[in-house]
Each structure stands twice: as structure tokens, then as C-alpha cells.
Amino acid sequence: MKVEISKTYNPQEVEGRWYQWWESKGYFRADAKSSRPSFSIVIPPPNVTGSLHMGHMLNHTIHDVIVRRKRMQGFNTLWLPGMDHAGIATQNVVERELRNQGLSRHDLGREKFVEKVWEWKKQYGGIILQQIRRIGASCDWSRERFTLDEGLSRAVREVFVRLYEEGLIYRGKRLINWCPRCLTALSDLEVVYQPVDSKLYYIRYPLKGRETSSFVEVATTRPETMLGDTAVAVNPKDARYSKYKDESVILPLLQREIPFIQDDAVDMEFGTGVVKVTPAHDSADFEMGQRHGLSQISVIDENAKITVDGGPYQGLDRLEARKRVLADLETQGLLGKTETLPNNVGHCQRCNTVVEPLLSLQWFVKIKPLAEPAIAAVESGRTEFVPGNWSKTYFEWMRNIRDWCISRQLWWGHRIPAFYCDDCNEMIVSRADVHSCPKCSSSKIRQDQDVLDTWFSSGLWPFSTLGWPDRTDDLKTFYPTSLLITGYDIIFFWVARMMMFGMKFMNDVPFRAVYITGIVRDSEHQKMSKSKGNVVDPLEICDKFGTDAVRFTLARNGAPGTDIALSEDALEGYRAFSTKIWNAARLIFMHVDESDRLPSSAELKQSDLSFVDRWILSRVARATEGVNRSLDQYNRNAGARHIYNFLWHEFCAWYLEMIKLHPERSKPALLYVFESALRLLHPFMPFITEELWQNLPHRGESIVMAPYPEFDPELIDERIEAQAELVQDIVTKVRNIRAEMDLDKKQTVPLRVATMDLAQTQVLSDAREYIFKLALVNQVEVVPQLRGDKLAAQGVAGGLAFEIPLEGLIDVGAERTRLNKELDKVQREIDALDRKLSNASFVERAPKEVVEENRRRLADYQDQAAKLSEGLKRLA
Ligand SMILES: [Zn+2]
Ligand SMILES: [Zn+2]
């Protein structure tokens, strides 16, 4: 019985079926006890609130290409999936829901609120995990983890306590970035600096004990913070102000006496060279205050309102206070000039509110001792960045790293395991919850209200997910992981912290290599954003083009670390590739019976192979070598190119045509090569390859577990490749001439080839039947020299000159008329396009792609015109 598949490829029908089957068969499950070499990857855990966007689609495609190939190569392969609880992001989502019901989290209280977030997580969270399945990602779902699950929470607590015991975690009053909207501290990385045109105000501070008209002017962009000033400062080298040394000034509005100090950090070029010093609201001032023992007066509170220390301004919002302060200064004649100053102002990454530097009691990780081994590990090559230049970015940041503020004033997350005794003020940091004070036995114990920065738990991801702090088989087998694949935007947030924690707690790097991906842009190379309306939904395009086609587009475009411009053209092109493969299979299945079996390579080598079979075997061996070499270097786009070119330009374009002469004889090679090519392609296009492979004679249960093709040098035959190239070149050139001459589709032509070379003569004789069949040639005559008949079309193919005598085959007069008519038509098109494109307002106003399209058409017509003119010349 013949194998039959549907006439057209229907991706949606095929894709849903296979993924479920793969999962149910347990193919993606890794084995902690296996003695095979292991290959492991942990997924960058998506936020529990997330849904799949093009960035994930790219990242997971790259993961899956690498992971599926390793699995087929026989590695004990683990791709560990999971999700991040995403502190602020998730809390914001649930708070928004509450707000719609007129409630705040404080109405519910901490416990109820956290319960509510868990409920939300159960109901709406984790949609993304289903979506990840939808795109074919071969994750081991039996090992799925969540950063807040029991095991990972235990790991977080263990790490916190150990670091605390070693003095690497401390609690201290420091200036932190505070978001008055989210009401939490932010790490330096969570602050986004945006250029803003600020106003620079000059304010007069009267000098104490001098006549009323003497003052110094300070320049500031934040006049409201002057309420917290505890000094004014100048550079000690600044001769203009040396006379005021040891004097003091009277702080306007509050009439507080503050000293004149000298500090090297003051920039003499800025403003007047005198600056106000506000240690509680500016990080440079904070450090200056430390050096000079200045007091710290917080005049702005957590809600960005003025505190009691702001005197008459108490209770005002910071912006309102600014207005009132300026107005009062003006009334008192203490406001000087105002200038515009381009400034970089910090905004909250989550909600875009202007960040307020606040003095606050927070928890910090002392980072330098952790950073040093993590720097050394990359320097010595134990972890390698791909592409390598990203290591520079990593080093630069790691060498300038500052202590990491890890406490967040949120409720959703890992609560800080510090406990306070209300009776004796003892603080206990502990792995287990504390209920009575070890010092005074009081039971009035409170746990710290804060939770840890989300990145604290994701920093442990490569080992906490494998069971640490227990010494599990998973850890032994899969740590260090082989590879991390991630975007360049989270090298600091995530990669650097995993490196530090991995070195510290596992005494080894968390991954052997870090593969940095680019981002997916639109066809105009613009970043995708909601406001631009150019966001592409990956699942929508998977529905439209087929998941395999989308995956192939993402794999084929963009070298490692470079961005991808996603165009409809490319997606169409790779959908056409799926169709091409499907149609090739239909053709093959016309010759295949259910009784046919797949030959082994040994059987094949011993059999009587035709010229074309030996050629295609040599070519598939080269493609195999190319794909493997590229993927070994994590160069997925070159890998995709090798398999695409083989299947499209060699297997479909030539081989399937050439074997039409002797289909039965070529059947073993045909089955062998197509089956190999499907396995080679499987990591890129998992669905269509499984569907076709199952219908072909094959060995094994699923292509997922079939061996990945290996390069077989014995199949390479350079002589045959050169001969086939010659034949193909001749066929191509003859076909072109036939098309240009508009020869009847059934009209065969004679061919004369000029050569004295015996070997080439032999090739032409051996391959005669292919030339006959493919180029509609009725005779191949080998001559020492071309004759150059008037009506002969000439050409060069594979370095050999040839001619096709056309005497009697074309009516010269009619042909000339036809060509002239064609040329006229084309010329009219050229003129019209020329007019359009020389019209400046069209070129300026029309959409860029319309203008481009017109340019392309013009070039096409010009090319046609040149060919037609050439044809006419030949007839002259
Ligand atoms: Zn915020
Ligand atoms: Zn106590």
C-alpha cells in the first residue's frame, strides 16, 4: 500500500497532536542516575504574570534547537522549566484588581493579601507555560519549579543566613532609591535614567555675622531639598571662596545655621562653585556628609511629602513644596537667576515615577567579596560569553559594583528571615521561624516586614532548582549547567548574580557558557512597542504561518548577539519552505510502499549507486558537516542556512528532478537521504519533521529520540560533485536561453559543447540522459570549437562554451516583432516608474516600503529591458 498524506500541509492539525504525544511518552525527561554524559540548561524563568512575546519566542527557539540536537546526540539532556514570582510586577497586578473593587492591600492585611496573590497565581498565572509548550519547547515538565515553592524558599533562606553569618549581609541606614508610588526601595538597576530639561535655580544663602547684603549663591535643580541642608561646600582649591573658611551661613526659610565646608568632590565649574549639601537626599552629599560628620535630616518621606523637619512646608507633596519654596525665596529677595539644565532623572522601572533618594534602614549584600571570584571565573574562561565581546560589559559592571540593597517593602516574595524581640531588642537571623527570644525568652517576636528583591531568588536558580541545599542526584548530574541563553538586557540583573552565588555556594560556575541573544525588531528595524503599535504576537504568527516556519525564521536570521528584523516576507519565505518539504514528501511517497525499509549506510555503500545518488549522498554529508560544525559553535543561523540550502537548492531543485529518470533504482538512496535530512532539520522544525518521519520507513519510535546525523567522510565524492555541477550549470543555462527565446515547451533543441578534455567528454556522455530530460535537449554534440552560426544562441557553463543552433526553430521576423513589442511594454513601465520616483513629494510622503517596492520594480524592468535588447542584437 502506498503512504498517503494530505495534499496541503496543515500545521495546526499536526502541531497539537505531536506535542502531547511527546510529553506523554516522557521523551523530554532527564535521568539523574544516567551514566551518559549530561547536557543541562535552566530556562530564564518567565514572570508568573507573563505571556509569550517575541523575545521569549526567539529565546526558546534557540534553546530548543540546541537541546533537541543534544538529546538526539545521546546526551542525558535536561531543559528545566519554571517561573519567577516577580515581586513588584505580580503585586502590582493584584493590587490593581483590588483597586477596581475599591480596596487596597492594607484593607486585606498582609496574610489575606498574600493568599489572594496565590489564588491569582493559580487561576491566571503561568499561562506562559502552556504557550511555551505550544511552540514546541522540549522542557522536562516533571522538574518544573517556581521561585516561591517550598524547596526554593528553603534555598533562599539558607543563602541569606549563611551570608549574614559571614558578615556578607548587613542591615544599615543608607541612601536608597525609593519609589513613592510602589512604596519600596529599588536596586540601582531598577532605576531608569531619562533625559529631562531641568531648571537650575540660584539661591542666596546669607553669611552669618556679616552685613545683610552679603551672601553666597548655590545652584540646585531641587530647591525643596534645601530644607534638609546641613552645610554648603566649596572646593579647597577654589580661591574665590577661601576667605569664608570656618564661617557659616544661615539657611534661608528655616533660619538654621550651617557650616561652610571644603571638599575635593565639589566641581568648581558647576554653578557658582558653591553647592548645598543634603546628606539625606543625594548620594554624593551622603558620602560628603560621612566625610565631614554632618547630620542627616530627612525632609521628604516615603510618600514624597515634606516631613516635620520641613517646618512650615510639612505635609506638602515634593513638587508643591518646590513651588512654595521658590515663591517664598523670591518674596525674600533670595532667588537669583534660573537656567535650563539638561539632566538625567531616575525613574522607577515599573511605574515610571521619579525616584526619590531616601535615607532608610535596609538590608544589603556586601558585594565585592562575591564579585571577585565571579570575575576570575570569566577571566580564566571557566565560563565563556558567546559572542565573546559581552564579557567586557560583564567585567566593567562587576568591577564597579556597589553593595546590593536586597530588601523590598512588598508583601509578595521571600520574607527576610530576621526576627526582632520587642522586649530586649535582640535581632535573630534564622533558618527556622523564631517564636521566643533566645536572650530574654520573651514571646513578643516580630519578623522583619520586608521581602527580598526578586533577583535574589533568581540568582540561585541554577542550583536551587536542582535541590540545593540538599546534595541531590540532580545537582551531581546537572550542575554546572552547560549553557545559559539570555538577552543582553539582564546580564547584570541575572547573569552576574548567578555567577556570584554559584561561585559562593557551589564553588563552581553555574554554566559553562552564556549565549547572549539579540532582540526581535520589526521589519523596519524598530523596537517593538505598544505605543508604536508594531508588536507582533508570536502565537498569532504561529497560527498564521505554522510554528515551524516561525521558529525557522528566528533561527535563520541574526547571528548570536545581534538583533533580528522580523518581516512578513521572511515568514512567508519559510512557510514556503515547509510547503516545499511537504510537497517533496508527497512526491517521494508516490514511490514508497509500506513494505519498503530504510537502508543502512553500509547497505547503501555496497549497492549499485547511480551518478545522481552518489552526488546527493556526497551533498547530504556536507550539509551534515556544516550543520554540526555551526551548532557546535552555537551558530544557529549558519546551521539553519546549511540545511535550508541543501533541502531547497539541491534535494528539491535537482535531485527530485533528476531521479525521475530512474525512480526505482534511486529509491534506497532517496529514502536514506530524505530520512537523514529530516533528522538534521528536526531541532529547527520539530513538528513537520516528526509527521513526515513517522510516515517514512524509519528506525525507532520517534524522531525526537532518533540519532542526530553525523558527518560521514566516506560519502564525500568530489569528482561526482564537480560533474554534477557541470551538468546542472549546462541545464540552467540552456533553460534560460529557451525562456528568453520563448521556445515552445515541447520543442527539443540540439546542444553543441566545445571541449577537448576527455574526462569532460565522458561526463557529458554519461550524463546525457539528464541533460536531455531536464533541458529538453535532443542531442549533445561535443566539438573542438563552436561554429558560431548566425542563429545560434551561445553561452558558457561550467567553464565550457556551448551553443544552441536555432535555425528553423524560431521565425526570426516574428521573434524580432515579439521582442520589440515586449521591449515597448517594459519601456512604458520604466518611464512611469521613473516619473513617480523623480517626484520628490511622492518619495517623501509615501510609506518607505511603498517607495522601496517601486524602486525594486524599476530595477526589475530595467533588467528585463537589457535582456530583451540583447536578444534583439542576437537576431540582427
Ligand atoms: Zn514605582
Ligand atoms: Zn528578648
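Residues numbered from 1 in each chain as written. Chains lettered and ligands numbered in written order. Predicted model: local features only at pLDDT ≥ 70, side-chain atom pairs only at ≥ 80, totals over all residues. Heavy atoms only, no water.

(A) Region of the structure containing the overall build of the protein. Counting its regular elements, the protein contains 29 helices and 29 strands. Taking 876 residues into account, the globule formula puts the C-alpha radius of gyration at 29 Å, and the protein, at 37 Å, lies well above it. Counting all 876 residues of the protein, 54% fall into the buried class. When contacts within the protein are restricted to residue pairs at least 6 apart in sequence, those whose partners lie at least 24 apart make up 78%. Here the protein displays about 39,600 Å² of accessible surface, and carbon together with sulfur accounts for 47% of that area. In the protein, 115 side chains carry a positive charge and 121 a negative one; their mean positions are 1 Å apart. (Helix = DSSP H or I, 4+ residues; strand = E, 2+ residues; numbered from the N terminus. Rg over C-alpha atoms; globule rule 2.2 N^0.38 Å. Buried < 20%, exposed > 50% of the residue type's maximum accessible area, 1.4 Å probe, protein only. Contact = heavy atoms within 4.5 Å. Areas by Shrake-Rupley, 256 points an atom, 1.4 Å probe, with all protein chains shown as cover. Lys, Arg positive; Asp, Glu negative; His and termini not counted. Charge placed at Lys NZ, Arg CZ, Asp CG, Glu CD.)

(B) Expanded view of the pattern of salt bridges. Scanning the entire structure with this criterion turns up 61 salt bridges. Measuring nitrogen to oxygen at the nearest pair gives 2.6 Å for the salt bridge that ties aspartate 140 to arginine 143. With a relative accessible area of 1%, aspartate 140 lands in the buried category. The residue glutamate 822 makes a salt bridge to lysine 825 at a minimum N-O spacing of 3.7 Å. Pair noted here: glutamate 822 and lysine 825 are both in helix α27 (residues 812-838), with a separation of three residues, about one helical turn. By relative accessible area, glutamate 822 is classed as partly exposed at 30%. (Salt bridge = Lys/Arg side-chain N within 4 Å of Asp/Glu carboxyl O.)

(C) Representation of the pairing of strand β1 (residues 38-42). Among the five residues in β1, four count as buried, and that is most of the element. Bridge analysis of β1 against strand β2 (residues 76-80) gives five bridges, and the strand direction is parallel. When the bridges of β2 are listed, serine 40 appears paired with leucine 78. Taking the sense of rotation as the criterion, the β-α-β connection linking β1, helix α2 (residues 54-72) and β2 turns out right-handed. (Pairing = 2+ DSSP bridges. Right-handed = clockwise from strand over helix to strand, strands pointing away.)

(D) Fine view of the nonpolar core. Counting residues in each nonpolar core, the largest one holds 225 residues, and the members touching the most others are Phe456, Phe651 and Phe684. What phenylalanine 651 contacts, discounting residues up to four positions off in sequence, is Ala584, Ile588, Ile616, Phe646, Leu656, Leu670, Val673 and Phe674. Grouped together as the second largest cluster of nonpolar side chains are 37 residues, Tyr201, Val216, Val299 and Val325 included. (Core = buried A, V, L, I, M, F, W, Y, C linked by side-chain atoms within 4.5 Å.)

(E) Expanded view of the coordination of the zinc ion (ligand 1). With distances of 2.2 to 2.4 Å, the protein atoms coordinating the zinc ion (ligand 1) are Cys179 (SG), Cys182 (SG), Cys348 (SG) and Cys351 (SG). Note that the zinc ion (ligand 1) binds four donor atoms; their angles at the metal cover 104 to 115°, and the shape is tetrahedral. All donors to the zinc ion (ligand 1) come from one chain, and their sequence spacing reads C-x2-C-x165-C-x2-C. By relative accessible area, which is 24% here, cysteine 351 ends up partly exposed. (Donors = N, O, S within 2.8 Å, 3.2 Å for Na, K, Ca; no water. Tetrahedral: all angles 85-135°; square planar, octahedral: opposite > 155°, others 65-115°.)

(F) Just the packing of aromatic side chains, in detail. By the definition in use, this model includes 42 aromatic pairs. Ring centres of tyrosine 644 and tryptophan 648 lie 5.7 Å apart, and the angle between their planes is 20°; this geometry places the pair in the stacked category. Taken together, the residues span about one helical turn, with tyrosine 644 and tryptophan 648 both in helix α21 (residues 636-658) at a distance of four residues. Look at tyrosine 644 and you get buried, because its relative accessible area is 15%. (Phe/Tyr/Trp six-rings, centres within 6.5 Å; stacked < 30°, edge-to-face > 60°.)

(G) View of the coordination of the zinc ion (ligand 2). The protein atoms donating to the zinc ion (ligand 2) are Cys421 (SG), Cys424 (SG), Cys437 (SG) and Cys440 (SG), with metal-donor distances spanning 2.3 Å. Geometry at the zinc ion (ligand 2) is tetrahedral, judged from the four donor atoms that bind it and their angles of 104 to 114° at the metal. Donor residues binding the zinc ion (ligand 2) come from one chain and are separated in sequence as C-x2-C-x12-C-x2-C. Within this pair, whereas cysteine 421 is found in strand β18 (residues 418-421), its partner cysteine 437 is found in the loop between β19 (427-429) and β20 (445-447), the two being separated by 16 residues in sequence. Both residues of the pair, cysteine 421 and cysteine 437, belong to the buried class.

(H) Up close: the sheet that holds strand β8 (residues 215-220). Judged by pairing direction, the sheet is antiparallel, and its three strands sit side by side in the order β8-β7-β13 without closing on themselves. With one partner strand each, in any of the chains shown, β8 and β13 (335-348) form the two edges of the open sheet. The mean inter-strand angle of the sheet, taken between neighbouring strand axes irrespective of direction, is 20°. With six bridges joining them, strand β7 (residues 191-206) and β8 adopt antiparallel strand pairing. The residue bridging tyrosine 202 from the neighbouring strand is alanine 219, located in β8. (Axes fitted to C-alpha atoms, helices over the stretch in contact; angles between N-to-C directions.)

(I) Looking closely at the environment of glutamate 320. As for its placement among the helices and strands, glutamate 320 is situated in helix α9 (residues 318-331). When its relative accessible area of 34% is taken as the criterion, glutamate 320 is described as partly exposed. Taking the C-alpha atoms as reference points, glutamate 320 and glutamate 224, separated by 96 residues in sequence, lie 9.0 Å from one another.

(J) Layout of the packing of helix α17 (residues 547-556) against helix α18 (residues 568-589). In contact at an axis separation of 8 Å, α17 and α18 are set at 120° when each is read in the N-to-C sense. As summarised for this structure, α17 and α18 are arranged oblique, according to the angle between their axes. Pair α17 / α18 crosses with right-handed handedness. Between α17 and α18, the contacting residues are Ala549, Val550, Phe552, Thr553 and Arg556 on the first element and Ala570, Leu571, Tyr574, Arg575, Phe577 and Ser578 on the second. (Parallel < 35°, antiparallel > 145°, perpendicular 65-115°, else oblique. Left-handed = near helix turned anticlockwise from the far one by under 90°.)

(K) A look at the packing of helix α7 (residues 150-165) against helix α15 (residues 491-505). In contact at an axis separation of 12 Å, α7 and α15 are set at 75° when each is read in the N-to-C sense. When the axes of α7 and α15 are compared, the pair comes out roughly perpendicular. Residues Val159, Arg162 and Leu163 of α7 lie in contact with α15, whose contacting residues are Phe501, Lys504 and Phe505. Each residue belonging to the contact of α7 with α15 can be placed in one class, and the counts come to four nonpolar, no polar and two charged. (Nonpolar A, V, L, I, M, F, W, Y, C, P; charged D, E, K, R; others polar.)

(L) Looking closely at the sheet that holds strand β29 (residues 800-805). If you walk across this open sheet you meet the four strands as β27-β26-β29-β28, and the pairing is mixed. What marks the edges here is a single partner per strand, and that holds for β27 (777-783) and β28 (792-797). On average, each strand axis in the sheet is tilted by 25° relative to the strand beside it, whichever way the strands run. Note that strand β26 (residues 749-754) and β29 share two bridges and pair antiparallel. Note that in β29 the partner of arginine 752 across the bridge is glutamate 803. The strands touched by helix α24 (residues 718-741) are β26, β27, β28 and β29; relative to β28, the strand with the most contacts, the crossing angle is about 150°. The sheet contacts of helix α26 (residues 768-775) involve β26 and β27, and relative to β27 the element is tilted by about 135°.

(M) Region of interest: unusual backbone geometry. Omega for the peptide link from valine 386 to proline 387 comes to -5°, which places this bond in the cis form. Put simply, tryptophan 468 and proline 469 share a cis peptide bond, and its omega is 10°. Its identity is not glycine, yet histidine 525 carries a phi of approximately 65°, on the positive side. Within the element layout of this structure, histidine 525 appears in the loop between β24 (520-521) and α16 (538-545). Positive phi, close to 50°, is recorded for leucine 776, a residue that is not glycine. Position of leucine 776 relative to the elements: it lies in the loop between α26 and β27. Judged by relative accessible area, which is 29%, leucine 776 ranks as partly exposed.

(N) Fine view of the side chain of arginine 222. Secondary-structure assignment places arginine 222 in the loop between β8 and β9 (231-234). One polar contact links arginine 222 to glutamate 356, side chain to side chain, over a distance of 2.8 Å. Apart from the residues lying within four places of it in its own chain, the contact partners of arginine 222 are Lys276, Ile300, Arg318, Arg322, Glu356 and Pro357. (Polar contact = N/O pair within 3.5 Å; in protein donor to acceptor, adjacent residues only side chain to side chain.)

(O) Spatial organisation of the side chain of threonine 278. Along the chain, the position of threonine 278 falls in the loop between β12 (275-277) and α8 (283-292). Of note is the side chain of threonine 278, whose polar atom sits 2.8 Å from the side chain of aspartate 229.

(P) Here's a closer look at the pairing of strand β11 (residues 256-262). Two strands pair when backbone bridges link them, and β9 and β11 are joined in this way by three bridges, in the parallel orientation. Looking at the pairing, valine 232 lines up with phenylalanine 260 of β11. Pairing of strand β10 (residues 248-251) with β11 involves four bridges; the strand directions are antiparallel. Within β11, the position partnered with isoleucine 250 by the bridge is glutamate 257. Where β10 hands over to β11, the hairpin turn is made up of four residues, of which leucine 253 adopts a positive phi near 75°.

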